[in-house]
Amino acid sequence: ADAVEASARQFLNLALCSDAPLLHSPQQIALAAIVRAADAAGADIDAWLARAAGEKGEPASEAALGQLRQRLGVVGTAVDAAAGMPPVGAIKDINGRCKSLSSALQALDKAAAGDGATREQASRDRKHARADEAMRRAEAEAASNPAGGGDDAPFAIRKKPRVTTAPAAAAKEEAAG
């Protein structure tokens, strides 16, 4: 009895590491564990299984029992697929190594390329410097224009009038004008 229980527990532990809980109900997995353990121990549980699967106290037919065993075999196949997986301790070790490798790579990336925010700020600074330089060149060109940047100068730089949208400023201008 202890060997059957140990075999059923081993089946259930493997089932939890497989796709079986996503594909089959807990009752089907438990029944598959019992049937697999009993079959491994050489116990004949067909009579019990027929009574358990029957309706209204009547045992299930041979055809129904065959279908049930086939469905339980599908559960067993899903669990057997997980049997080749490495143990949990090995997976945790691999996960720890991956995390430390990832941390090291992130540190190398930051050291090689600098902080992402710093690069973005440097890019913005270069853009503003180019715009400021273009503005200085345009101002120098306008100052050297002998026409004084009149209406005939197509690229004259003129200061835009200051526009205020505050109601108090508009009221002051109307009162003054």
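Here is what the cut-offs are and how they apply
- Positions within a chain are numbered from 1, following the residues in the order the chain's sequence is written.
- Only residues with pLDDT of at least 70 get local features here, since the model is predicted, and only at 80 or more are side-chain atom pairs given and counted; chain-wide, interface and lining totals rely on the full set of residues.
- Computation of side-chain values covers all heavy atoms of the structure but excludes hydrogens and water.
- Under the scheme used here, helices are H or I runs from DSSP no shorter than 4 residues and strands are E runs no shorter than 2 residues, and both carry numbers assigned from the N terminus.
- A helix is expected to reach a length of 1.5 Å times the quantity of its residues less one.
- The rule is simple: take the accessible area with a 1.4 Å probe, protein chains only, and divide by the maximum for that residue type; under 20% is buried, over 50% is exposed, in between is partly exposed.
- The directions from the helix axis to the C-beta atoms form the arc being described.
- Pairs of residues are marked as contacts when any of their non-hydrogen atoms sit within 4.5 Å.
- Any Lys or Arg side-chain nitrogen located within 4 Å of an Asp or Glu carboxyl oxygen qualifies as a salt bridge.

(A) Examining helix α5 (residues 62-81) more closely. Taking 1.5 Å as the rise per residue, α5 with 20 residues should run 28 Å; its terminal C-alpha atoms sit 28 Å apart, in good agreement. Within the sequence span of α5, burial applies to Leu65, Leu68, Leu72, Val75, Gly76, Ala78 and Val79. Seen along its axis, α5 keeps its buried residues to an arc of 155 degrees; they face one direction. Exposed and oriented more than 90 degrees from the buried face of α5 are Glu62, Ala63, Gln67, Gln70, Thr77 and Ala81.

(B) The side chain of His24, seen in detail. For His24, the position within the fold is in the loop between α2 (20-23) and α3 (26-41). Here His24 falls in the buried class, since its relative accessible area comes to 15%. Each residue touching His24, except ones within four places of it in the same chain, is listed here: Ile29, Val74 and Val75.

(C) Geometry of the environment of Gly76. Relative to the helices and strands, Gly76 resides in helix α5. Overall, the relative accessible area of 1% leaves Gly76 in the buried class. Taking C-alpha positions, Gly76 is 8.5 Å from Phe11, a pair spaced 65 residues apart along the chain. For Gly76, the contacting residues outside a window of four places in its chain are Phe11 and Arg36.

(D) Examining the pattern of salt bridges more closely. Scanning the model with the defined rule gives 5 salt bridges in all. Here Arg69 and Asp39 are joined by a salt bridge, their closest N and O atoms 3.1 Å apart. You can see Arg69 sitting in helix α5 and its partner Asp39 sitting in helix α3, a full 30 residues away along the chain. Note on Arg69: relative accessible area 29%, which makes it partly exposed. One salt bridge connects Arg69 with Asp46, and the closest N-O pair in it is separated by 2.7 Å. In this pair, Arg69 is assigned in helix α5 and Asp46 in helix α4 (residues 46-53), connecting sequence segments 23 residues apart. Connected through shared salt-bridge partners, Asp39, Asp46 and Arg69 make up one network.

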